Amino acid sequence: MKLISVIGCGYLGAVHAACMAELGHTVIGLDTDTEKIAELAAGRAPFYEPGLNELLERNVAAGRLKFTSKYRDIADADVHFIAVGTPQLATGEGADLRFVDAASDALAAVLPRHRKVAPLIAGKSTVPVGTASRLAKLFGKRGAVLAWNPEFLREGFAVKDTLSPDRIVYGLPEKKSEAKLAEKLLDEVYARLLDEDIPKITADYATAELVKTSANAFLATKISFINAMAELCDATGADVTTLAKAIGHDDRIGKKFLRAGVGFGGGCLPKDIRAFIARAEELGAGRSLEFLRNVDAVNSRQRMRAVELLQESLDRPLEGATIAVLGAAFKPDSDDIRDSPALDIAAKVAELGATVRVTDPQAVDNVRRRQPERLVVDTVDEAIEGADAVMVLTEWKEYRKLNPKRVGKQVANKLVIDGRNCLEQGEWRDAGWQYVGMGRR
Ligand code: UDX
């Protein structure tokens, strides 16, 4: 078993730390946010992620999992994972590597000079291609070896995705002896997963970095493709959910990530495709990712389209109307509101003069904290009471199972905009609702 540090305890790092402890390693998670560290050290997740609290509690209690905000506490680890955020630059294009650089410098400064076995630094953050080879030089000067080990976890499934990933990717140094050491240490860290025959792919740094960004770009492209088809369906009276099902039966296309609606949001896909475009341009290969600008544009358009569908379907002006928005998180089973389509749409509808009441099963506290101007209520009942229209913008199970007959008694006007195509339209229509999906006229 290894002594592991995980630097950065956000969605990625906190889950990774807990999962590495679950695998039997001794783990120290580090974050500069002392409040977050206090929560984690008490065995509580500072955000909503199914299954994470149990893992934290169990491993903290077993003494395998500790948290700190001091770099000197992690100096002796065999393997250091870097899992800090790489947000979008304020200019809107490119990744901000401030946290990766700060973490790397702070770690390099405490690494022991003469260790019997060189420590391994394993990068997990999503970074522009070329970052690993730059950081390898910094760590090389301190006698440490760097590997790039991208992470593909989805929020809401983060524990499962970490403990049984589809694949494990190692980006290894060019120098043979260093590559051998890095691979051996990572194999020891992931021994239990490798025993379960999870595929392992070894590559150079650049390929490993690109695996992550291109996977995200592909997923985003798939979503924008089906959303573009939804626009066509609206123009022709076709039904995009049936279309997606039919094309998805072709294994080469696949059923997943073909859910049309208000589009992708969150802390990864939107910013990662923009950073990818920016990086390709820096490398003089901008033309190859030109299509991703379209992917981004189709995605942004869906948010506006949801507002337009509402305006077209409402038999009164939006100004002065009351609109219930069900969902604030960028997807269900998450309290993450970063770049959330639901909140973007809520803001646009409010700008047009409507009173917008937003609710969400998990994200209301985050909305209250970060968007205090938004009118947020705790329950569906409070949101829909007397509403002129209901917009379902995050497909939480609670909303998919709403009873249209019961809900119909509470609203002023039975108009539902199903921004995630997640409701049984027949049931809603039978209950007297005007049902408007995305690409399901
Ligand atoms: C994504 C990648 O899936 C993951 O591999 C990577 O590590 C991080 O980014 P995540 O952001 O957690 O994960 O969510 P994901 O489930 O991919 O959904 C992203 C967005 O796409 C959500 O807003 C979701 O609602 C939307 N989406 C997804 C669709 O609109 N349609 C779909 O068919 C699938």
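Treat the numbers as computed from the prediction; the structure is a model and nothing was measured.

Cut-offs and rules
- Residues numbered from 1 in each chain as written.
- Predicted model: local features only at pLDDT ≥ 70, side-chain atom pairs only at ≥ 80, totals over all residues.
- Helix = DSSP H or I, 4+ residues; strand = E, 2+ residues; numbered from the N terminus.
- Rg over C-alpha atoms; globule rule 2.2 N^0.38 Å.
- Buried ≥ 20, exposed ≤ 12 C-beta atoms within 10 Å, placed from the backbone.
- Axes fitted to C-alpha atoms, helices over the stretch in contact; angles between N-to-C directions.
- Parallel < 35°, antiparallel > 145°, perpendicular 65-115°, else oblique.
- Left-handed = near helix turned anticlockwise from the far one by under 90°.
- Contact = placed C-beta atoms within 7 Å.
- Pairing = 2+ DSSP bridges.
- Near = placed C-beta within 6 Å.
- Nonpolar A, V, L, I, M, F, W, Y, C, P; charged D, E, K, R; others polar.
- Domains from an automatic or database assignment.
- Core = buried A, V, L, I, M, F, W, Y, C linked by C-beta atoms within 7 Å.
- Expected span 1.5 Å × (residues − 1).
- Arc of directions from axis to C-beta.

Focus: the overall build of the protein
Then, in step 1: Check the secondary structure of the protein and you find 18 helices and 13 strands.
Then, in step 2: Taking 22 Å as the expected radius of gyration for a compact globule of 441 residues, we find that the protein reaches 23 Å, a close match to that expectation.
Then, in step 3: Across its three principal axes, the protein shows a C-alpha extent of roughly 75 × 45 × 40 Å.
Then, in step 4: Per-residue burial over the protein gives 48% buried out of 441 residues.

As for the packing of helix α11 (residues 269-282) against helix α12 (residues 290-313)
Then, in step 1: At their nearest, the axes of α11 and α12 sit 9 Å apart, and the two run at 155° to each other. The pairing of α11 with α12 is recorded here as roughly antiparallel in orientation. Between α11 and α12 lies a crossing of left-handed hand. Contact residues: α11 offers Ile 273, Arg 274, Phe 276 and Ile 277, while α12 offers Leu 292, Arg 293, Val 295 and Asp 296.

Section: the sheet that holds strand β9 (residues 322-326)
The pairing of strands in a sheet happens through backbone hydrogen bonds and is either parallel or antiparallel.
Then, in step 1: Strand order in the open sheet formed by five strands is β10-β9-β11-β12-β13, and the pairing between neighbours is parallel. Sheet topology places β10 (355-359) and β13 (434-437) at the edges, where each strand pairs with a single neighbour. Each adjacent strand pair in this sheet contributes to an overall mean axis angle of 20°, direction not counted.
Then, in step 2: As defined by bridge partners, strand β11 (residues 389-392) adjoins strand β12 (residues 415-418) across three bridges and the pair is classed as parallel. Paired with Met 391 across the strands is Ile 417, a residue of β12.
Then, in step 3: Packing of α12 onto the sheet brings it into contact with β11, β12 and β13, and relative to β12 it is tilted by some 160°.
Then, in step 4: The strands touched by helix α13 (residues 341-351) are β9, β10 and β11; relative to β10, the strand with the most contacts, the crossing angle is about 160°.

Re the site of the ligand
Then, in step 1: The ligand sits among 19 residues. The nearest are Glu 155, Arg 259, Phe 264, Gly 266 and Cys 268.
Then, in step 2: Element by element, the count of residues in the shell around the ligand is highest for helix α9 (residues 205-236), at three residues.
Then, in step 3: Among the residues making up the shell around the ligand, the classes are represented as ten nonpolar, five polar and four charged.
Then, in step 4: Here the shell around the ligand spans two domains, and each of domain 1 (3-198) and domain 2 (218-437) adds at least three residues to it.

Quick look at unusual backbone geometry
Then, in step 1: Even without a glycine there, the phi angle at Asp 197 is positive, about 65°.
Then, in step 2: Relative to the elements of secondary structure, Asp 197 occurs in the loop between α8 (191-195) and β8 (200-204).
Then, in step 3: According to the C-beta neighbour criterion, Asp 197 is exposed, with 7 such atoms within 10 Å.
Then, in step 4: Positive phi values are uncommon outside glycine, yet Asp 333 reaches one of about 60°.
Then, in step 5: By the element assignment, Asp 333 lies in the loop between β9 and α13.

With respect to the nonpolar core
Then, in step 1: Among the nonpolar cores identified, the biggest contains 134 residues, and Val 6, Ala 18, Ile 323, Val 325, Leu 326, Met 391 and Val 416 are the most heavily contacted of them.
Then, in step 2: Among the elements that take part in this core, helix α1 (residues 11-22) stands out by supplying nine residues, more than any other.
Then, in step 3: When residues of this core are sorted by domain, at least three fall in each of domain 1 (3-198) and domain 2 (218-437).

Here we look at the domain arrangement of the protein
Then, in step 1: Splitting the protein by domain gives domain 1 (3-198) and domain 2 (218-437).
Then, in step 2: Measuring from the centre of the C-alpha atoms in domain 1 to the corresponding centre in domain 2 gives 33 Å.
Then, in step 3: Each side of the interface is counted separately: domain 1 has 14 residues, and domain 2 has 15 residues.

What about the packing of helix α4 (residues 98-110) against helix α5 (residues 131-140)?
The angle between the axes and the distance between the axes are what describe a pair of packed helices.
Then, in step 1: Relative to each other, α4 and α5 sit at 20°, their axes nearing to 10 Å. One element, α4, and the other, α5, form an angle in the roughly parallel class. Viewed along their axes, α4 and α5 form a crossing whose handedness is right-handed. Where α4 abuts α5, its residues Val 100, Ser 104 and Ala 108 lie against Thr 131, Leu 135, Leu 138 and Phe 139.
Then, in step 2: In the contact of α4 with α5, the residues fall into five nonpolar, two polar and no charged.

Section: the environment of Lys 256
Then, in step 1: Here Lys 256 is to be found in the loop between α10 (240-248) and α11.
Then, in step 2: We classify Lys 256 as exposed; it has 9 C-beta atoms within 10 Å.
Then, in step 3: The sequence separation of Lys 256 and Lys 245 amounts to eleven residues, and the corresponding C-alpha distance is 9.6 Å.

Brief notes about α4
Then, in step 1: Relative to the 18 Å expected for 13 residues at 1.5 Å per residue, α4 spans 19 Å between its end C-alpha atoms, a close match to the ideal helical length.
Then, in step 2: Those residues of α4 not exposed but buried are Val 100, Ala 103, Ser 104 and Leu 107. Buried residues in α4, looked at end-on, bunch into an arc of 100°, giving them a common side. Along α4, the residues that are exposed and aim more than 90 degrees away from the buried face are Asp 105 and Ala 109.
Then, in step 3: As for α4, its buried residues are in contact with β1 (3-7), β4 (79-82), β5 (120-123) and α5.

Topic: the pairing of β11
Then, in step 1: Residues Ala 389 and Met 391 line one face of β11 and the alternating positions Val 390 and Val 392 line the opposite face, and both faces are buried.
Then, in step 2: Relative to β11, β9 runs parallel, the two being bridged by four bridges. Residue pairing for β11: Ala 324 is matched across the bridge by Val 390.

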